[in-house]
Amino acid sequence: QELQLAFRPIEAHLYQANLMVHVRGGKDLKLPIRAEAKVPQVGLRTDDDAEAIKFDDSFVGSCSFKLLHLVNSGQIPAILTVDLSECPDFVLADEDKHLITTTATGLEEDISGPGGISISKPVNDDDSETSDLGSDAEGSEDGSEPRQRNLAGQQDKGLRYRIAVPGNKTISFHLGFRPTVVDAYSFRLNISLAGSDISEKSLQRVIMAKSLKPRLVMSQTVVDFQSKVVMREGTSKVPNRILLKLSNEDDQELEWQLAVDPTSTYREIFRIEPSMGKLQPGHSTQVQVAFTPLGVKPYEMHVPVYLGRNQSTKYTELTLRGIGSHPNILFDRPEVVLPVTPLDVPSKLVFYMYNDGYEALDVKYKVPFADSSKIPLTVTFPEGSRLSQTSNTLPVEISFCSSKPFSFTANLDFFDEENTKFSIPVTGCTDNCIFTNLSYTFAKRVKGYELAAEGPNKAIMLIDKEEEILGQPSLNGIEALEKSSDTPRSHSQYKGSMWSSFSTSEDNPSSAHERMLRKVYSKKHSERLRVWLNMNVLQDPIDDLVLGMSAQCGRSLIELIEVMFGRAPPGRVNPDRLSAVKKEAVAQILHQYEEIISFVKGYGGLLAGIRPEYLLRYEDYCRIDPPGTAAGGGRQTS
């Protein structure tokens, strides 16, 4: 019997205890336990090592930064919380002044690796997506003002951040100040150890800043084009454009200039028109910013903004960003999951592909194989297979039909003229099992069903309970022949009661299926299964069915498979030999689940819709790379 002990200290202290094991009819066993909790030795430093962090006076709508360093001088890794929820005009950015947008997955962070910063909890649900400093995610085509306040007119809440600092490491980041109102700021920066209210004196700093009434207001101080396609040779290079709005908030005429450095290597990549001008009080103008990437790489350029003829002191700074990328074929979903159907019943689904950068393209495809035989999959293009700038969306219809039980997950590959491959996973399943075809049955029949057999030792069939069906069942084992006789068949003696109360109207055929699932797969039934597994299968009892199956690298799941198939699946991971780096350890566990699924499939398990990542804990799932993306799962050259 193996025991697992968890140590969760609430304060720095030396903990000692004895674990007593009472053996029936034998001598009691005593196991001394000793553990010590220490506070990580973390300090906050600035470039000038001042006690207070003072920002220069900034105009409303501008951005300014202070570089900070969190230094862990001990061997114990630390997770810190930075609470800026009451300071919405202050944000954290990385060393390159890019806003932190990664969301933390939970209390446990990967502090064995290089560490990092993530958003702990968005305080305001309206801020579901956060953009770079002072800008919208895609920019504003009409030059409208970026949202700085919510619909009620109140200032948005700030964010809480989590910072993982490994032992003997330093994490550098920027504290950004982007004022939205004219005000003076003075507050204590709240940095504490995660999970406690402990705030060391070395982490405390006073923040001081002041915002001034702006003379020139820009709708964005960071213009981010995101990823844009690099045009190939011989094609017309149409630049990508974003409009920037400039407004004169002064009571005098303003002469403004966006001074692009003539020696900059990116002056042909980013173009600003016009780059200078004059504005009367209360007037506005629009400036067009164009981005034409020449290579597959990120671009960034900083443009100083000057007012008047004095260019010795800049008023603020405009940041231009963009990423060059190859042309792509995109899909409207990360994967295609075909509906489950009985044998010899076609399963169809339509999805859409999008053109991202091709002027004209005739799309080619290749049907996947499974076990050296072609999958019975049919691909058709109802509106043709040509993508262009005027027709950049194509529907694709997939049809799957088999006369034998079959389950698969494979990549459907599409190709451009240069044989660049764009793949999307396709999953399908067909057999005549009543339980496998529940969703199909309730989608096709909406009056309710019952399980019945023609007599003893006869196969159970799914029968429409409101119809008196005659004759023999059809090939798919679910629908009966339409022929009938004068005498109805009686099967009440062998009825099942599973579907007796699940009838619905034709307006909502799925509601009966949902109600049936809620009743059959209830918490009570889950608890019964857990008790049965504890009594008959598992060596170590579990308290929760879902959490217990994923704990200890899926040990309980492996024990269950050993009982079902008579031998252990391959690829089992020893928890004591997992990598110390969390992401590498998750990759090891993921590979184990891949081997388990392949093992069960080898015994006839129809697990095409089950992915290895579905068996991970949520915290581990968030550490892996996304299993599929809308960009077609990656661009590959064949």
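This is a predicted model, so every value here is computed, not measured.

## Here's the deal with the packing of helix α5 (residues 555–565) against helix α6 (residues 582–602)
Stage number 1. One way to put it is that α5 packs onto α6 with a least axis distance of 12 Å and a crossing angle of 20 degrees. Taken as axis vectors, α5 and α6 run roughly parallel relative to one another. Here α5 and α6 pass one another in a crossing that is left-handed. Where α5 approaches α6, its residues Leu 557, Ile 558, Ile 561 and Phe 565 are matched on the opposing element by Gln 592, Tyr 593, Ile 596, Phe 599 and Val 600.
Stage number 2. Considered class by class, the residues forming the contact of α5 with α6 number 8 nonpolar, 1 polar and no charged.

## Digging into empty space enclosed by the protein
Stage number 1. Overall, the coordinates contain 5 cavities of 30 Å³ or more when judged by the stated rule.
Stage number 2. Its volume calculated, the largest cavity comes out at about 70 Å³.
Stage number 3. Phe 59, Val 60, Gly 61, Ser 62, Leu 216, Val 217, Met 218, Thr 221, Tyr 315 and Thr 316 are the residues that line the largest cavity.
Stage number 4. Here the lining of the largest cavity takes 3 residues from strand β14 (residues 216–218), the largest share from any one element.
Stage number 5. Across the lining of the largest cavity, the residue classes tally to 6 nonpolar, 4 polar and no charged.

## Observations regarding the nonpolar core
Stage number 1. Counting 34 residues, the largest nonpolar core has Leu 70, Phe 90, Leu 92, Tyr 161 and Ile 163 as its most contacted members.
Stage number 2. The residues touching Tyr 161, leaving out its near neighbours within four places in the chain, are Leu 80, Thr 81, Val 82, Leu 84, Val 91, Leu 92, Ile 100, Ile 117, Ser 118, Ile 119 and Ser 120.
Stage number 3. Judged by nonpolar contacts, the second largest core, of 27 residues, contains Ile 375, Leu 387, Phe 400 and Phe 414.

## Considerations on the confidence of the model for the protein
Stage number 1. On average, the protein scores 77 in pLDDT, and the residues at 70 or more come to 75%.
Stage number 2. Within the model, pLDDT remains below 50 along residues 122–155, and this stretch shows 81 contacts once partners closer than five positions in the same chain are excluded.

## As for the pairing of strand β34 (residues 420–430)
Stage number 1. The buried fraction of β34 is high, at 10 of 11 residues.
Stage number 2. Judged from the 2 bridges that link them, strand β24 (residues 336–337) and β34 form a sheet pairing that is parallel. Directly across from Val 337, in β34, lies its bridge partner Thr 427.
Stage number 3. In terms of strand pairing, strand β33 (residues 406–415) meets β34 through 10 bridges, oriented antiparallel. Residue pairing for β34: Leu 412 is matched across the bridge by Ile 424.
Stage number 4. Between β33 and β34, which pair antiparallel and follow one another directly, the connecting turn spans 4 residues, one of which, Asn 419, has a positive phi of 60 degrees.

## Observations regarding the sheet that holds strand β11 (residues 170–177)
Stage number 1. With respect to topology, 4 strands assemble into an open sheet ordered β3-β6-β11-β8, the strand pairing being antiparallel. The open sheet has two edge strands, β3 (42–46) and β8 (90–93), and neither has a second partner. Geometrically, the sheet is characterised by an average inter-axis angle of 30 degrees between neighbouring strands, direction not taken into account.
Stage number 2. As paired strands, β8 and β11 are joined by 4 bridges and run antiparallel to one another. The residue bridging Val 91 from the neighbouring strand is Gly 176, located in β11.

## A word on the layout of surface pockets
Stage number 1. Estimated volume of the second largest pocket: approximately 640 Å³.
Stage number 2. Lining the second largest pocket are 26 residues, and of these Cys 63, Lys 314, Tyr 315, Thr 316 and Glu 317 sit closest to its centre.
Stage number 3. Secondary-structure elements contributing two or more residues to the lining of the second largest pocket are β5 (58–59), β6 (64–72), β21 (298–307) and β22 (316–325).
Stage number 4. Counting residues per element, the lining of the second largest pocket draws most heavily on β22, which supplies 4 residues.
Stage number 5. Grouping the amino acids of the lining of the second largest pocket by side-chain chemistry returns 7 nonpolar, 9 polar and 10 charged.

## Some words on the sheet that holds strand β15 (residues 222–229)
Stage number 1. With mixed pairing, 5 strands are arranged side by side in an open sheet as β15-β22-β21-β17-β19. The sheet is open, and its two borders are formed by β15 and β19 (276–279), each paired with just one other strand. This sheet shows a mean twist of 20 degrees between the axes of neighbouring strands, independent of strand direction.
Stage number 2. Relative to β19, strand β17 (residues 254–258) is paired through 4 bridges, and the arrangement is antiparallel. Each bridged residue has a counterpart across the sheet, and for Leu 254 the counterpart in β19 is Leu 279.

## As for the pattern of salt bridges
Once the charged atoms of two side chains with opposite charge are near each other, the side chains can pair.
Stage number 1. In the structure shown here, the tally under the stated rule is 13 salt bridges.
Stage number 2. One salt bridge in this structure joins Arg 333 and Asp 332, with 3.1 Å as the shortest N-O distance.
Stage number 3. According to the relative accessible area criterion, Asp 332 is partly exposed, its value standing at 30%.
Stage number 4. A network of salt bridges, in which partner residues are shared, links Asp 540, Arg 555 and Glu 559.

## A look at unusual backbone geometry
Stage number 1. At the junction of Glu 273 and Pro 274, the peptide bond is cis and its omega measures out at -10 degrees in the coordinates.
Stage number 2. Notably, Lys 97 is not glycine yet its phi reads approximately 65 degrees, a positive angle.
Stage number 3. As for its position among the elements, Lys 97 is in the loop between β8 and β9 (116–122).
Stage number 4. For Lys 97, a relative accessible area of 33% gives the class partly exposed.
Stage number 5. Phi at Gln 226 takes a positive value of approximately 60 degrees, unusual for a residue other than glycine.
Stage number 6. Residue classification places Gln 226 among the partly exposed positions, given a relative accessible area of 30%.

## Quick look at the packing of aromatic side chains
Stage number 1. By the definition in use, this model includes 24 aromatic pairs.
Stage number 2. Their ring planes at 75 degrees and their centres at 5.5 Å tell us that Phe 7 and Tyr 15 sit as a pair that is edge-to-face.
Stage number 3. For Phe 7, a relative accessible area of 42% puts it in the partly exposed group.
Stage number 4. With relative accessibility at 24%, the residue Tyr 15 sits in the partly exposed group.
Stage number 5. Their ring planes at 40 degrees and their centres at 6.1 Å tell us that Phe 400 and Phe 406 sit as a pair that is tilted.
Stage number 6. Owing to a relative accessible area of 1%, Phe 400 belongs among the buried residues under this scheme.
Stage number 7. Connected via pairs of aromatic rings, a cluster forms that spans Phe 55, Phe 90, Phe 177, Tyr 185 and Phe 187.

Scoring rules and cut-offs
- Residues numbered from 1 in each chain as written.
- Predicted model: local features only at pLDDT ≥ 70, side-chain atom pairs only at ≥ 80, totals over all residues.
- Heavy atoms only, no water.
- Axes fitted to C-alpha atoms, helices over the stretch in contact; angles between N-to-C directions.
- Helix = DSSP H or I, 4+ residues; strand = E, 2+ residues; numbered from the N terminus.
- Parallel < 35°, antiparallel > 145°, perpendicular 65-115°, else oblique.
- Left-handed = near helix turned anticlockwise from the far one by under 90°.
- Contact = heavy atoms within 4.5 Å.
- Nonpolar A, V, L, I, M, F, W, Y, C, P; charged D, E, K, R; others polar.
- 1 Å grid on protein atoms, 1.4 Å probe; cavity = no way out; pocket = protein on both sides within 12 Å on 5 of 7 lines; lining within 4 Å.
- Points joined across faces, edges and corners; volume = space filled by probe spheres on them.
- Core = buried A, V, L, I, M, F, W, Y, C linked by side-chain atoms within 4.5 Å.
- Buried < 20%, exposed > 50% of the residue type's maximum accessible area, 1.4 Å probe, protein only.
- pLDDT = per-residue confidence, 0-100.
- Pairing = 2+ DSSP bridges.
- Salt bridge = Lys/Arg side-chain N within 4 Å of Asp/Glu carboxyl O.
- Phe/Tyr/Trp six-rings, centres within 6.5 Å; stacked < 30°, edge-to-face > 60°.

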